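Each chain, written out:
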Amino acid sequence: MFTRFSRLWLFPILVSFTTVFFLLSQPASSFARDLRVGVIDIQKAVSGTKEWKREFLSFKTSFNREKKLISKKEEQLKKMIENLNKQGMVLNPELKKKKEGEVLKKKREHVRYGHDRNEEPAKKEKEIPGRILKKMADVIKKIGKEKNFSMILEKKTGLYFDNSIDLTTLAIQAYNKK
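Just so you know, the residues in each chain are numbered from 1, in the order the chain's sequence is written. Residue-level local features of this predicted model are given only where pLDDT is at least 70; pairs of side-chain atoms are given and counted only at 80 or more, and the full residue set underlies all totals for whole chains, interfaces and linings. To get the side-chain values, take all heavy atoms of the structure and skip hydrogens and water.

Caption draft 1: Region of the structure containing the overall build of the protein chain. Of the regular secondary structure elements, the protein chain holds six helices and two strands. Counting helices and strands in the order they occur from the N terminus, the protein chain gives α-α-β-α-α-α-β-α. The contact definition used throughout considers only heavy atoms, calling two residues in contact when any of these lie within 4.5 Å. For the protein chain, contacts bridging at least 24 residues in sequence account for 85% of all contacts bridging at least 6. In short, Shrake-Rupley with a 1.4 Å probe defines the accessible areas, and a residue's cover is counted only from the protein chains shown. Counting every atom, the protein chain has about 14,600 Å² of accessible surface; 60% of that belongs to carbon and sulfur. Secondary structure is summarised from DSSP: a helix means a run of H or I of at least four residues, a strand means a run of E of at least two, and numbering begins at the N terminus for each.

Caption draft 2: Spotlight on the packing of aromatic side chains. Ring pairs are drawn from Phe, Tyr and Trp, using the six-membered ring of Trp, whenever the two centres fall within 6.5 Å, and their geometry is named by plane angle: stacked under 30 degrees, edge-to-face over 60, tilted for the rest. For the coordinates displayed, the defined rule picks out three aromatic pairs. Judged by centre distance (6.5 Å) and plane angle (35°), the ring pair of Phe 56 and Phe 59 falls under tilted. Here Phe 56 and its partner Phe 59 are both found in helix α4 (residues 50-87), three residues apart, which amounts to about one turn of the helix. Think of it in three bands: residues with accessible area under 20% of the maximum for their type are buried, residues over 50% are exposed, and the middle band is partly exposed, with areas taken using a 1.4 Å probe on protein chains only. Judged by relative accessible area, Phe 56 falls into the partly exposed class, the value being 38%. Taking 6.2 Å as the distance between ring centres and 20° as the angle between the ring planes, the aromatic pair formed by Phe 59 and Phe 63 counts as stacked. Of this pair, Phe 59 and Phe 63 are both found in helix α4, four residues apart, which corresponds to roughly one turn of the helix.

Caption draft 3: The nonpolar core, seen in detail. Here, nonpolar core means buried Ala, Val, Leu, Ile, Met, Phe, Trp, Tyr and Cys residues that are tied together by side-chain atoms lying within 4.5 Å of each other. Membership of the largest hydrophobic core comes to 15 residues, with the highest contact counts inside it found for Met 136 and Ala 171. Elements supplying a minimum of two residues to this core: α3 (42-47), α5 (93-146) and α6 (168-177). For this core, the element with the most residues is α5, which contributes six residues. Ignoring sequence-local partners within four residues, the contact set of Met 136 consists of Ile 42, Ala 45, Val 46, Thr 49, Ala 171 and Tyr 175.

Caption draft 4: Quick peek at the side chain of Thr 168. Looking at the secondary structure, you find Thr 168 in helix α6. Contact partners of Thr 168, with chain neighbours within four places excluded, come to Val 39, Ile 40, Asp 41, Lys 44 and Ala 45.

Caption draft 5: Up close: the side chain of Thr 49. Mapped onto the elements of the fold, Thr 49 is located in the loop between α3 and α4. Counting of polar contacts relies on pairs of N or O atoms within 3.5 Å, with two restrictions inside protein: one atom must be capable of donating a hydrogen and the other of accepting it, and residues adjacent in sequence are counted only when both atoms are side-chain atoms. A distance of 2.9 Å separates the side chain of Thr 49 from the backbone oxygen of Val 46, its partner in a polar contact. Within the local environment of Thr 49, its side chain forms a polar contact with the backbone nitrogen of Trp 52, the two atoms lying 3.1 Å apart. The residues touching Thr 49, leaving out its near neighbours within four places in the chain, are Ile 132, Met 136, Ile 172, Tyr 175 and Asn 176.

So, in C-alpha cells, the structure goes:
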C-alpha cells in the first residue's frame, strides 16, 4: 500500500506529531503553580511617593516665581514702549532712534530670558520622574524577590488584572520607607 519512499517520509512526521501531541496534552497546572505575577501602575507609583510630591511642590513654587518675574519684566517693557510712543512726537529724531534701539534690545533680552527660563523647567520636569523611576525600579525588583513573584508587569500592558495582584500601594510604601 505505501511505497518505501512514503514510509520513510511519513514516519518522522508521525513521530513528531505524536511527541508534540503528548507534550501539549500534559496538564499545565504544574507550570502555572510556580508562576506568580504582579502588576503595578508605575506612573501612579512614582507620583505617589513623598519625594515626588516634595520635588513637584518645589518645582511648582520656583516655576511660579519665575513666571511672576517674567510677567513683571514684560510689564516694564510695555511701559517703556508706551513711554516711547507718547514721547515719540516731541523727541528729536536721533534721541528717538536711540530710545527705539534700547527698547528693541530690551525686547530681545526679554524674549531670550523667557526662552531660557522655559527650557530649564522642561529639563527639570523630565529629570525628576526619571530619577525617581530608577529608584522605584530597584524597589519593585526588591518586592519581586521578597514576595517570590515570577514577574511584575506594568498595569497598562494588560486589559484586566485582579486588584489582589496590584502592587502599586506596596511599592509606594516601600519607596517612602527607603
